[in-house]
Structures are given as C-alpha cells and as structure tokens.
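Residue strings, one per chain:
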Amino acid sequence: MKYIIGSIAIAALFFGGTATAQAADDIVADAACCTFIDGPFTQVAGEIPKFVNPQGADAPHNVTSTVNGPDGNVLFGSATVPAGQSSPVEGAQYLSDGTYPFFCTIHGLSMSGDLVVAGGTPLERPKPEIRLSFPAQKLKSVRNSSKVKIKIKGVTDSSGIKLTVSKGKKKLGSASGISVSAGKTRTVAVKLTNKGQKTVKIGKKILFLVKGTVAGGKSATARRTLR
C-alpha cells in the first residue's frame, strides 16, 4: 500500500485524462528489510521530498539516484538513517518533469524505486565553483621538491577538479580528479613535468599561473610570483 505523507499540494497529475491534485510523497522504506513501500513516489518540481526509515525498521537505509548529475556527483540523495529517523532528499529540487530511479546503496538495486516529478518549476542547480590561491612557498622549495602548492577553496561542493600550472605559455604540470566540499579548503601539490622542472631552474623569480576547471562549473585562475 502506498503511503501519502505531507501537506504541500502539488500540481495536477494526469491519470486516465483526468487532472487529480495529490499531496507530495515522502519516500518510505518498508519496515521489513529490504525494500521501499510501493511507489512510485511523486513530487512537484522545486520540492525536496523526505526519506523516512520507519520505527522498527530492520536496517539503516538511504535514497540515492542511480545516475550522476552534471557536476559528477549523484543527481539526488539522502543521508543514511537508522530506524525512526528521516532525511531530506537533496538535489530533487533541481529535477524537471520525468521519472528518476533510485536505490539504497547499502542494499543495492534489489531495494529500488522511482521518483516521479510532475508540474511546478525546478530550482536552478548551482554550478560548482572554486577559488584558487598560492600558499606561502619559496621558489627554492619548488625547485627542490619539483612541486607547486595550490590552495583550493570550495565555494560549492566541487568534484572533477583539474589544475594546470604554467609559466607564460609553458605548461609546467597538472593534477586532476580533485574534490573539495563547500566552505572547505584543500592544498594540492602539483608535480612538475621534466620540462617544467627545467623551466623553473632559470631565473631569480618566476610568475606562476594556475588554472582550475571543475566538472559542470566555472573555471578559476590565480597568479603569484615566487622568489
């Protein structure tokens, strides 16, 4: 039996040619492990449904989209919660009309369901954004270690970050597959290529440029002269 929980009215869903107003669904796990109650679960675009793991449930569960979004992270998902607790399904507010499969990562595709979005207007998904800077370091340490330190700050949760360090038009080195959470900073030591090592051996000071790209988001740059 499908449980309809919640008090926010959603736009009409069409069944047999008749428009019927329904309430937004919570996504609910079955108390007996390991399935969700009968779905599909419905919502209006722009809403954030709630995942409920009921009292007396046999195990902790979560709701996780089976596909990733444009930023490389899961399209939507909840926290993993024990019996008697709930969690918002973040990312669902960005979904447009359609049917979106999900599952519990603890119990695999045997515990799966569908989230159906109909009506309303989805919220705009924030684009991943980072800021870059050079932490304090000496040119001598760069030469000795063959690495340039770069500090990344996550304006938003960002993954799939690639850093490219150069001197003028000469590429010195790169690093990729980097992730950083919103509001957090991470320092990455970018290893110089053999050509890059030779390039930085010359001169008493060098102007370094770093460019960072992030999957589905904005690029960022920073410059610093090291002596």
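Since we're looking at a predicted model, the values are computed, not measured. (Residues numbered from 1 in each chain as written. Predicted model: local features only at pLDDT ≥ 70, side-chain atom pairs only at ≥ 80, totals over all residues. Heavy atoms only, no water.)

> Would you explain the overall build of the protein in this entry?
Scanning the protein for helices and strands turns up two helices and 16 strands. A total of 227 residues make up the protein; the buried ones form 39% of that total. In the protein, the share of contacts with a sequence separation of at least 24, taken over all contacts with a separation of at least 6, comes to 58%. By element, 52% of the accessible surface of the protein is carried by carbon and sulfur atoms, the whole surface being about 12,100 Å². (Helix = DSSP H or I, 4+ residues; strand = E, 2+ residues; numbered from the N terminus. Buried < 20%, exposed > 50% of the residue type's maximum accessible area, 1.4 Å probe, protein only. Contact = heavy atoms within 4.5 Å. Areas by Shrake-Rupley, 256 points an atom, 1.4 Å probe, with all protein chains shown as cover.)

> What is the right way to read the pairing of strand 4 (residues 41-45) from this model?
In regular strands, side chains alternate between the two faces of the sheet. With respect to burial, strand 4 is a largely interior element, five of its five residues being buried. Looking at chain direction, strand 4 and strand 9 (residues 108-120) are connected through four bridges and run parallel. Bridging from a neighbouring strand, A45 pairs with G120 of strand 9. (Pairing = 2+ DSSP bridges.)

> Mind showing me how you'd approach the packing of aromatic side chains here?
Here the distance between the centres and the angle between the planes together describe a pair of aromatic rings. In this structure the tally under the stated criterion is four aromatic pairs. The interplanar angle of 80° and the centroid separation of 5.0 Å between the aromatic rings of F36 and F102 together place this pair among those described as edge-to-face. Of this pair, F36 sits in the loop between strand 3 (27-28) and strand 4 while F102 sits in strand 8 (residues 98-104), placing them 66 residues apart in sequence. Assigned by exposure class, F36 and F102 land together as buried. Clustering of aromatic rings is evident, with ring pairs tying together F36, F41, F51 and F102. (Phe/Tyr/Trp six-rings, centres within 6.5 Å; stacked < 30°, edge-to-face > 60°.)

> Sorry if this is basic, but what is going on with the side chain of S146 here?
If you trace the backbone, S146 turns up in the loop between helix 1 (139-145) and strand 11 (147-154). There is a polar contact of 3.2 Å between the side chain of S146 and the side chain of Q197. Setting aside anything within four residues of it in sequence, one finds S146 in contact with S141, V190, K191, L192 and Q197. (Polar contact = N/O pair within 3.5 Å; in protein donor to acceptor, adjacent residues only side chain to side chain.)

> What should I look at first to understand the sheet that holds strand 13 (residues 170-180) in this one?
The strand order across the open sheet built from four strands is 13-12-15-16, with neighbouring strands paired in antiparallel fashion. Two strands bound the open sheet, and with one partner strand each, they are strand 13 and strand 16 (220-226). Along the sheet, successive strands turn relative to each other by an average axial angle of 20°, direction set aside. Relative to strand 16, strand 15 (residues 206-213) runs antiparallel, the two being bridged by seven bridges. In the sheet register, L207 faces strand 16, and the bridge partner there is T225. (Axes fitted to C-alpha atoms, helices over the stretch in contact; angles between N-to-C directions.)

> It is not clear to me how the state of the cysteines should be interpreted in this structure. Could you clarify?
What is meant by a disulfide is a covalent connection between two cysteines, made through their sulfur atoms. This model, assessed by the stated rule, comprises one disulfide. Note on cysteine connectivity: C33 is disulfide-linked to C34, with sulfurs 1.2 Å apart. Between C33 and C34, the S-S torsion sits near 50°, and that sign places the bridge as right-handed. Using a relative accessible area of 35% as the deciding quantity, one classes C33 as partly exposed. Free of any disulfide, C104 has its nearest cysteine sulfur in C34, 7.4 Å distant. By relative accessible area, which is 0% here, C104 ends up buried. (Disulfide = S-S within 2.5 Å.)

Such coordinate-based values are descriptive only and should not be taken to indicate function.
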